Each structure stands twice: as structure tokens, then as C-alpha cells.
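Fold and geometry: a report
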Amino acid sequence: MSRFFSTDLKDLNPYIPGEQPVSGGFVKLNTNESPFPPSPEVKKALDESRVSELRLYSDPTAKTLTDAIARYYGVPSDSIVTSNGSDEILAFIIKAFCKDRGLAFADVTYGFYEVFCKLFGVEFVTVPLDRDFKIDVNDYKGLSQNIIIANPNAQTGVYIPVSDIKTLVSENKERLVIIDEAYVDFGGESVIPLTREYDNLVVVQTFSKSRSLAGARIGFMVADAALAADVKKIKYSFNPYNLNRLSILAGAAALADKEYFVKTTAEIIKNREFLTDSLKLMGFKVIDSKANFVLASHGAESGRDLYLALKKEGVLVRHFPGGRIDDFIRITVGSAEELAVLIQKLGIILQGAENA
Ligand SMILES: *Cc1c(COP(=O)(O)O)cnc(C)c1O
């Protein structure tokens, strides 16, 4: 740390992204990207003339994309705010709404919630998942803080039904409920329609996972227009042009190709079932997931050892050291070919453990 670093940030532990190797050669199952390229419509939308338009600033309202999202979900355009990845909109939301009340979230969830709280000086409390890594919405009842829940939850993939979220929102009218739906397209149901009914609900989504556009950095939120207007105040106080011209077009094109979206997400769901079954056959404990990843542990090898052994074999998965899921590895649901390699390598590793 330099002597110039602000003292109020000395406890900041930045988010640690999964490895993004610059040279290829890895089977990459560590950051929940899609194994499929974006819709072919995306490339068509980004022609030569679009590149020359990069001399101009992008549209701060990202109208092309905002209107496409509004039509897709049947919500008003003024209920939507777009951002440079959903991480950015999460930051804006926490900055806008959480200083007075604080924020509550699960003890195992997306690491950025805590990082943003620390960055913005927001008090937070963590609420333990139950023994099966499930969220019990009753655990959030007696609290005074705003609530953020990833559904399906990050790291575990566990999904809670819309009825649970409806309970949470309707019983806590004076607290904001933020639902992060980064993984909802892999078998869950979005609560975006509920934003028309409740003015204390914010729903966050991303194009990074189910729409194969992690590198384009596209996220958005949907909420009551008054909440959206507040978040826009933060956005316009930070970076009005947060979405670049190419990403606005890419996002709108991806959203328009519903057929491709349905096909690729169905394929991920199918591969997830295959991966879950294969891991169980090898003696893994696998948490039931509705996301594009599974969390799994094996009695014969620690999470860390599995992670390291797989990396040596050219397969990247994610390990979260130190907490409740230290025993586990998180495996992104890749293509059938990638999963076949993973299963084969795991077989070799576990055989070695048995013979050791
Ligand atoms: C991946 C992820 C995000 C971030 O997505 P970006 O849009 O790529 O910034 C947000 N929340 C959760 C739970 C995620 O897993």
C-alpha cells in the first residue's frame, strides 16, 4: 500500500476474479461463462459502419437496448437502468439505497456484495444459509437492513421460488429487496413482473451468462420508476456513457434472437443434469443447482487439492478457500466435450487418490 492510499479503505479486500488465462489451452470451467458464442445476430449488428461510429459518445440512455429489454419483459422503459456489467448496477444500487439502512445477505453468496459495502462504507450483516445451503426467507424477517439475494444463489446454485420472494417483498415494505438474477435463465423464473406491483423490489440481470456476452459487459436493473430515477442519479454522477456503442447493439441483437437463447440455455440445462449425474456416480456430493454451475465435494480429496490437480491437468474450476464451501469446487457447466474432459480427468485424479 502506498502512503497515499485513503485510510478509510485500508480494510478493503477487493473481489478476486476467477483466472482468465491469456494463452488458451485450458478447459475453462471457472467463471460461469457460456461455452457457446453469442447469437449470430450479434456479429451482424456490429458491421464496419458501427466501428466508424465509435468516434461518437454512446447514448447515455442506451435507448436501443433499454426499449428492447422493456418489450421483452413487458415493463415500462423508465423502470430500466442499464450498466457496464451487472456488477456496476449493483454498485450503483448499494450506493443509492443502503447507507442509512445497511444491507443483509447470505453468508455464502456473491463476493461483490461485501466488497461494495466496504467500498461505500455501508454496514452489512450476513445471514447463514441452512445446513443444506438453502436460503430460508424467514431468517430475514426480524432484520432492519435492506436485503440482497442472488437467485439462484451464487456459489451454490440453489434456487428459491417466486412465492418466497413475494413474501419477502410484501412483508418488508419499508426495506428494499434486491434480487440478483444473474443465473435465473437456467431453469428459474424471473421476478421482474413483480416490479410493477411492488415499489420496494429491484431486480438485477446480466447478459454475461445466459446470453454469452460476458466480454461485452452488459447488465441492467428493473424496478419502480422512482427507484430507477434514483439509480440514474448515481449513474450520471459517475459515468453517463457507461455502456459503449458496440455493447448496446450487441445486447439488443442478442435479446432479439429468442430462438438461439432458448436453444443454448436448454443445452446448458441438459449438460448440467449430465454433469450432476456423472459427479454423483463418482462419489461426489453435488448441491442441487438451477444455475450454469454446480458446487461439488468429494470425501477423498479436499476442494483445494481437486482444484490444483485439475489445473495441472489443464482444467480450470473455482475454489473458494476458507469459508463454508472450502471443501467444494465450483464447476461451470461447459459444453458436452468440455465436461467429458473434466470427468475423465477427475477419474484419473480420484484413482490416484485411492492408490496413494
Ligand atoms: C456473474 C455475476 C454477476 C456479474 O455479472 P456481470 O454482468 O458480468 O458484471 C452478478 N451477480 C452474480 C450473482 C454473478 O454470478
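Figured I'd write up the structure that's included with this text. As the structure is a prediction and not an experimental result, all values here were calculated from the model.

Cut-offs used in this document
- Residues numbered from 1 in each chain as written.
- Predicted model: local features only at pLDDT ≥ 70, side-chain atom pairs only at ≥ 80, totals over all residues.
- Heavy atoms only, no water.
- Helix = DSSP H or I, 4+ residues; strand = E, 2+ residues; numbered from the N terminus.
- Rg over C-alpha atoms; globule rule 2.2 N^0.38 Å.
- Buried < 20%, exposed > 50% of the residue type's maximum accessible area, 1.4 Å probe, protein only.
- Salt bridge = Lys/Arg side-chain N within 4 Å of Asp/Glu carboxyl O.
- Pairing = 2+ DSSP bridges.
- Near = heavy atom within 4 Å.
- Polar contact = N/O pair within 3.5 Å; in protein donor to acceptor, adjacent residues only side chain to side chain.
- Areas by Shrake-Rupley, 256 points an atom, 1.4 Å probe, with all protein chains shown as cover.
- Contact = heavy atoms within 4.5 Å.
- Axes fitted to C-alpha atoms, helices over the stretch in contact; angles between N-to-C directions.
- Disulfide = S-S within 2.5 Å.
- Patch = residues over 30% accessible without salt bridge, like charges linked within 9 Å, V, L, I, M, F, W, Y side chains within 5 Å.
- Lys, Arg positive; Asp, Glu negative; His and termini not counted.
- Charge placed at Lys NZ, Arg CZ, Asp CG, Glu CD.
- Expected span 1.5 Å × (residues − 1).
- Arc of directions from axis to C-beta.
- Phe/Tyr/Trp six-rings, centres within 6.5 Å; stacked < 30°, edge-to-face > 60°.
- Lys NZ or Arg CZ within 6 Å of the ring centre and 35° of its normal.

This next bit is on the overall build of the protein. A count of helices and strands for the protein gives eleven helices and twelve strands. The C-alpha atoms of the protein give a radius of gyration of 21 Å, which matches the 21 Å a tight globule of 356 residues would have. C-alpha extents for the protein along the principal axes are approximately 60 × 55 × 50 Å. Within the span of the protein, comprising 356 residues, buried residues form 51% of the whole.

Before going further, it helps to spend a moment on the pattern of salt bridges. This model, assessed by the stated rule, comprises 15 salt bridges. Here arginine 272 makes a salt bridge to glutamate 273, at a shortest N to O gap of 3.3 Å. Here arginine 272 falls in the buried class, since its relative accessible area comes to 3%. On the accessibility criterion, glutamate 273 (37% relative accessible area) is partly exposed.

The buried count for strand E8 (residues 218-223) comes to six of six residues, which makes it a mostly enclosed element. Neither face of E8 is exposed, since Ile218, Phe220 and Val222 on one face and Gly219, Met221 and Ala223 on the opposite face are all buried. The pairing of strand E2 (residues 80-84) with E8 spans five bridges and is antiparallel. Residue pairing for E8: threonine 82 is matched across the bridge by phenylalanine 220. Of the strand pairs in this sheet, strand E7 (residues 201-206) and E8 are connected by five bridges, and their pairing is antiparallel. The residue of E8 that forms the bridge with valine 203 is valine 222.

The next thing to look at is the site of the ligand. With respect to spatial proximity, the complete set of residues near the ligand consists of Gly85, Ser86, Asp87, Tyr110, Ala154, Asp180, Ala182, Tyr183, Thr206, Ser208, Lys209 and Arg217. Interatomic distance of 2.5 Å between a side-chain N/O atom of tyrosine 183 and an oxygen atom of the ligand. Within the side chain of arginine 217, a nitrogen or oxygen atom sits 2.7 Å from an oxygen atom of the ligand. Summarising the interface, the protein chains cover 93% of the accessible area of the ligand, which totals 380 Å² for the free molecule.

Pairing is antiparallel in the open sheet, where three strands are placed in the order E9-E10-E12. The open sheet is flanked by strand E9 (285-286) and strand E12 (328-332), the only strands paired with a single partner. Relative to E12, strand E10 (residues 293-297) runs antiparallel, the two being bridged by five bridges. What sits directly across from phenylalanine 293, in E12, is threonine 332. Packing against the sheet, helix H9 (residues 258-281) makes contact with E9, E10 and E12, and its axis sits at approximately 5° to E10.

Moving on: the state of the cysteines. Applying the stated criterion across every chain yields a total of zero disulfides. No disulfide involves cysteine 98; its sulfur sits 6.6 Å from that of cysteine 117, the nearest cysteine. The class for cysteine 98 is buried, based on a relative accessible area of 0%. Given the relative accessible area of 0%, cysteine 117 is considered buried.

Glancing now at a negative patch on the surface. Judged by side-chain charge, Asp130, Asp132, Asp136 and Asp139 come together as a negatively charged surface patch. Within the element layout of this structure, aspartate 139 appears in the loop between strand E4 (124-127) and strand E5 (146-150).

A few words on helix H7 (residues 225-236). Given a rise of 1.5 Å per residue, twelve residues ought to cover 16 Å, and the 16 Å separating the end C-alpha atoms of H7 matches this to within 8%. Looking at H7, one finds that the buried residues are Leu227, Ala228, Val231 and Lys235. Seen from one end, H7 has its buried residues packed into an arc of 95°, which puts them on one side. In this structure, the buried side of H7 is in contact with E2, helix H4 (86-97), E7 and E8.

Bringing the side chain of asparagine 200 into the picture now. For asparagine 200, the location among the structural elements is in the loop between strand E6 (177-180) and E7. Within the structure, the side chain of asparagine 200 is placed 3.2 Å from the backbone oxygen of arginine 175, a separation counted as a polar contact. Residues within four places of asparagine 200 in sequence aside, it is in contact with Val169, Asn172, Lys173, Arg175, Leu176 and Val177.

Here the focus is the environment of leucine 342. Note on placement: leucine 342 falls in helix H11 (residues 336-355). Between the C-alpha atoms of leucine 342 and leucine 316, which are 26 residues apart in sequence, the distance is 9.2 Å. Sequence-distant contacts of leucine 342, that is, excluding residues within four places in its chain, are made with Leu29, Leu275, Leu310, Val315, Val317 and Ile331.

Glancing now at the packing of aromatic side chains. Applying the stated criterion across every chain yields a total of 15 aromatic pairs. Centroid distance phenylalanine 92 to phenylalanine 238: 5.8 Å. Interplanar angle 70°. Geometry classified as edge-to-face. With phenylalanine 92 in helix H4 and phenylalanine 238 in the loop between H7 and helix H8 (245-256), the pair connects residues that are 146 residues apart, well separated along the chain. For phenylalanine 238, a relative accessible area of 62% translates into the label exposed. For arginine 330, the ring lying beneath its charged end belongs to phenylalanine 293, and the centroid distance is 5.5 Å.

Moving on, we get to unusual backbone geometry. Glycine aside, residues mostly have negative phi angles, and peptide bonds mostly take the trans form. Residue asparagine 151 is joined to proline 152 through a cis peptide bond whose omega torsion reads -5°. For proline 152, the location among the structural elements is in the loop between E5 and helix H6 (162-171). Residues other than glycine seldom take positive phi values, yet asparagine 32 does so here, at roughly 60°. The residue alanine 62 is not glycine, and still its phi comes out positive at about 45°. Tracing the backbone through its elements, the reader meets alanine 62 in the loop between helix H2 (48-52) and helix H3 (63-73).

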